[in-house]
Amino acid sequence: MSTSTLGREERKPYYDAYLLQRRVLLGCTAAIGIGVILWIVAISTDRWFVGSGGQGIFIQETRRYYIASHAGLWRMCRYSSVPTLLPNSSAARNFTTLSLTNVTQINALKKTIAVEDPFILDIINNVHLSDPITDIDNDFRQLLFAHWILDHDQDFKTLKDKYKELVAFRANVERASNSLMMINPTNVSAVREIIGATLSTVTVNGSLINVIVPENLRNALFADWEDQPNVLPLLWQYSKDLEIPIFMVNSNGTRYIIQPPPPPKKGKVANGYVYNRFEKCKYHILFPTDDDIKSDPAIDDEILDYTRTEASFACICLFVMAMGFVFSIYTFLNPRYMFKRLAGGIHFISSSTGFIVIQVLTHAVEYEKNKNSFAFPKGVDYTHGYGFYLAWTVFSINFFSFIMFMWYSKKKKGSKAPTEEMVMADEPINIGR
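Keep in mind that this is a model prediction, so the values were computed, not measured.

Let's talk about the packing of helix α11 (residues 301-333) against helix α12 (residues 337-371)
(1) Moving on: The interhelical angle for the contact between α11 and α12, taken along N-to-C directions, is 160 degrees, at an axis separation of 8 Å. With respect to α12, the axis of α11 lies roughly antiparallel. As for how α11 packs across α12, the hand of that crossing is left-handed.
(2) Moving on: The residue inventory of the contact of α11 with α12, partitioned by class, reads 23 nonpolar, nine polar and four charged.

Describing the confidence of the model for the chain
(1) Moving on: Here the chain averages 82 in pLDDT, and 85% of its residues register 70 or above.
(2) Moving on: The least confident element of the chain, judged by mean pLDDT, is helix α6 (residues 170-175) at 47; the most confident is helix α13 (residues 386-407) at 94.
(3) Moving on: This model gives residues 1-5 a pLDDT under 50, and the stretch forms six contacts once residues within four places in sequence are excluded.

Thoughts on the packing of aromatic side chains
For any pair of aromatic rings, geometry is given as the distance between the ring centres together with the angle between the planes.
(1) Moving on: Under the counting rule described, the total for this entry stands at 20 aromatic pairs.
(2) Moving on: A centroid spacing of 6.1 Å and a plane angle of 50 degrees characterise the contact between Tyr306 and Tyr367, whose relative ring orientation is tilted. Here the residue Tyr306 occupies a position in helix α11, and Tyr367 occupies one in helix α12, the gap between them amounting to 61 residues.
(3) Moving on: Here the aromatic residues Trp48, Phe49, Phe348, Phe355, Phe388, Tyr389, Trp392, Phe395, Phe399 and Phe402 are joined through ring pairs into a cluster of three or more.

Let's talk about the state of the cysteines
(1) Moving on: Scanning the entire structure with this criterion turns up one disulfide.
(2) Moving on: Residue pairing for Cys77: its cysteine sulfur links by disulfide to Cys281, the two sulfurs lying 1.9 Å apart. With the S-S bond torsion at 115 degrees, the cross-link from Cys77 to Cys281 turns out right-handed. On the criterion of sequence distance, the pair formed by Cys77 in strand β3 (residues 75-85) and Cys281 in strand β11 (residues 273-283) is long-range, its members being 204 residues apart.
(3) Moving on: The exposure class assigned to Cys77 is buried, which follows from its relative accessible area of 1%.
(4) Moving on: Since its relative accessible area comes to 40%, Cys281 is described here as partly exposed.
(5) Moving on: Free cysteine Cys317: the closest other cysteine sulfur is in Cys315, separated by 10.0 Å.
(6) Moving on: Owing to a relative accessible area of 1%, Cys317 belongs among the buried residues under this scheme.

Here's the deal with the packing of helix α3 (residues 118-126) against helix α4 (residues 138-149)
(1) Moving on: With their axes 9 Å apart at the nearest point, α3 and α4 run at an angle of 120 degrees to one another. α3 and α4 meet at a crossing whose hand is left-handed. Within the contact between the two elements, α3 uses Phe119, Ile120, Ile123 and Ile124 and α4 uses Gln142, Leu143, Phe145, Ala146, His147 and Ile149.
(2) Moving on: Looking at the contact of α3 with α4, its residues break down into eight nonpolar, two polar and no charged.

Quick look at the environment of Cys317
(1) Moving on: Here Cys317 is to be found in helix α11.
(2) Moving on: Here the alpha-carbon distance between Cys317 and Gly354, two residues 37 residues apart in the chain, equals 5.9 Å.
(3) Moving on: If sequence neighbours within four positions are ignored, Cys317 has contacts with Trp39, Ser350, Thr353 and Gly354.

Points about the sheet that holds strand β2 (residues 64-71)
(1) Moving on: A sheet is described by the order of its strands in space; here six strands give the open sequence β10-β11-β3-β2-β1-β12, paired in antiparallel fashion. At either end of the open sheet lies a strand with only one pairing partner, and these are β10 (269-270) and β12 (381-384).

A few points about the sheet that holds strand β7 (residues 207-212)
(1) Moving on: Read across the open sheet, the three strands follow the order β4-β7-β6; overall the sheet is mixed. Of all strands in the sheet, those bounded by a partner on one side alone are β4 (93-94) and β6 (199-204).
(2) Moving on: Examined bridge by bridge, β6 and β7 share six bridges and lie antiparallel to one another. Within the sheet, the bridge partner assigned to Thr201 lies in β7 and is Asn210.

Overview of a nonpolar patch on the surface
(1) Moving on: Side chains of Phe348, Ile349, Phe399 and Ile403 sit close together on the surface and give an oily, nonpolar patch of about 330 Å² of accessible area.
(2) Moving on: Elements represented by at least two residues in the nonpolar patch include exactly α12 and α13.
(3) Moving on: Relative to the elements of secondary structure, Phe399 occurs in helix α13.
(4) Moving on: Exposure remark for Phe399: the relative accessible area of 33% places this residue in the partly exposed category.

Some details on the nonpolar core
Generally speaking, soluble globular proteins have nonpolar side chains that are buried together.
(1) Moving on: If you look at the biggest cluster of nonpolar residues, it comprises 39 residues, and the most contacted ones within it are Phe95, Phe145, Ile149, Trp225, Leu235 and Tyr238.
(2) Moving on: In terms of residue count, α4 provides more of this core than any other element does, seven residues in total.
(3) Moving on: Ranked by size, the runner-up nonpolar core spans 27 residues in total, among them Ala314, Phe376, Val380 and Leu390.

Concerning the side chain of His147
(1) Moving on: Of note, His147 is situated in helix α4.
(2) Moving on: When near neighbours in sequence (up to four residues on either side) are disregarded, His147 contacts Ile124, His152, Asp155, Phe156 and Leu159.

As for the side chain of His70
(1) Moving on: By the element assignment, His70 lies in strand β2.
(2) Moving on: The exposure class assigned to His70 is buried, which follows from its relative accessible area of 5%.
(3) Moving on: Of note is the side chain of His70, whose polar atom sits 3.1 Å from the backbone oxygen of Asp46.
(4) Moving on: Contact partners of His70, with chain neighbours within four places excluded, come to Asp46, Arg47, Phe49, Val50, Arg75, Met76, Cys77 and Tyr79.

Examining α3
(1) Moving on: Buried residues of α3: Phe119, Ile120 and Ile123, and no others. Each buried residue of α3 sits inside an arc of 110 degrees when the element is viewed along its axis, so together they form one side. Facing away from the buried side of α3 by over 90 degrees, the exposed positions are Pro118, Asn125 and Asn126.
(2) Moving on: Buried-residue contacts for α3 involve α2 (103-116) and α4.

Comments concerning the pattern of salt bridges
It is possible for side chains bearing opposite charge to pair when their charged atoms get close.
(1) Moving on: This structure, assessed with the given rule, holds eight salt bridges.
(2) Moving on: Across the pair Asp46 and Arg75 runs a salt bridge whose closest N-O atoms are separated by 2.5 Å. On the criterion of sequence distance, the pair formed by Asp46 in the loop between α1 (8-44) and β1 (49-59) and Arg75 in strand β3 is long-range, its members being 29 residues apart.
(3) Moving on: Glu243 is the partner of Lys160 in a salt bridge, and the nearest nitrogen-oxygen pair spans 3.4 Å. With Lys160 in helix α5 (residues 153-166) and Glu243 in the loop between α9 (235-241) and β8 (248-249), this pair connects stretches of sequence that are 83 residues apart.
(4) Moving on: Taken together, the shared-partner salt bridges in this structure form one network comprising Lys160, Lys164 and Glu243.

Rules used throughout
- Residues numbered from 1 in each chain as written.
- Predicted model: local features only at pLDDT ≥ 70, side-chain atom pairs only at ≥ 80, totals over all residues.
- Heavy atoms only, no water.
- Axes fitted to C-alpha atoms, helices over the stretch in contact; angles between N-to-C directions.
- Helix = DSSP H or I, 4+ residues; strand = E, 2+ residues; numbered from the N terminus.
- Parallel < 35°, antiparallel > 145°, perpendicular 65-115°, else oblique.
- Left-handed = near helix turned anticlockwise from the far one by under 90°.
- Nonpolar A, V, L, I, M, F, W, Y, C, P; charged D, E, K, R; others polar.
- pLDDT = per-residue confidence, 0-100.
- Contact = heavy atoms within 4.5 Å.
- Phe/Tyr/Trp six-rings, centres within 6.5 Å; stacked < 30°, edge-to-face > 60°.
- Disulfide = S-S within 2.5 Å.
- Buried < 20%, exposed > 50% of the residue type's maximum accessible area, 1.4 Å probe, protein only.
- Pairing = 2+ DSSP bridges.
- Patch = residues over 30% accessible without salt bridge, like charges linked within 9 Å, V, L, I, M, F, W, Y side chains within 5 Å.
- Areas by Shrake-Rupley, 256 points an atom, 1.4 Å probe, with all protein chains shown as cover.
- Salt bridge = Lys/Arg side-chain N within 4 Å of Asp/Glu carboxyl O.
- Core = buried A, V, L, I, M, F, W, Y, C linked by side-chain atoms within 4.5 Å.
- Polar contact = N/O pair within 3.5 Å; in protein donor to acceptor, adjacent residues only side chain to side chain.
- Arc of directions from axis to C-beta.

Here it is as structure tokens:
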């Protein structure tokens, strides 16, 4: 039977199916348009993962209690409680609480000491070491510190390597077990009994303060360092650059950690401390400098790879989804089957790139939970935020649209075509002269 002899009644079932196809694909196209908006919202928000630390989890690196956090592809926000000793408190202080942590401030203070404090130049000009160096004495410790202050990188590295060779501070690291002992700094007599000689009395702003300096770091400091007021604020960075562990270890391998009492459930003042709320939101650094890496313990090569992958595929997914939306609209202007297949293929790529973003971010969080206790402290309860669920919604829209466009991309030839226009649209095209 010729297609031209088919009447309206014979074509009606095919035409009804064609109308259903148009409605389904129109719905998919509208969903893709909404999906583009949802994807922009999802990748813009920092609510993919939400963490809660309950009353507080103490973070040694920042000396704060972790309260809550939420993170996304581009940014992470963290809420903490900062314990600050009251002026009249007699509690012992860990040296890290009196040290600078900002790299810019540290470098500025080092330059000030190099220019204004004469004892550094006196060390460089008057102190000389024997060759070969066979012992770590006070002259060695003075030169080690002076070269660090003056940023004599090569000289500092040479002396640091020699120090690590002659001083067996690594034995403490190897001896350290997973067991921890929290020391309450408000009980000074108990602190002195436990750690003994590592407790020093230092003058800060005219007041005598009990400061805890671990034995490993104390062995690297020159005599009477307590009398130099600008030394104490630099000790934390100095210990990092010397690669000296700042924790204390007893003979049984138990690590001592100075931990202020947890924040009170109500109010801000308790146990000789005032607890101030601290909020910080920062964008993930895709291409960090050396100073960024030094100042941020949450950065490592693995995390950088994860973050760059998330960012790049999130942008690719957005671009491909926008392109798929345009091609979906074009299928209504030109009903040829090949354009439906092209649109379906683009929707498949969109769903794939979105799926990659979700999986990479999930694996990044799992990696940080296991490897980076600073970014994801142990004991924190994590849940998914609305950004995560929006991403899965967008993935579902793209994948469903891929299936529908491929399913309805079958050729409609001859008597199976709903209209003469569809017969002509799905006919083969011969390209020639």
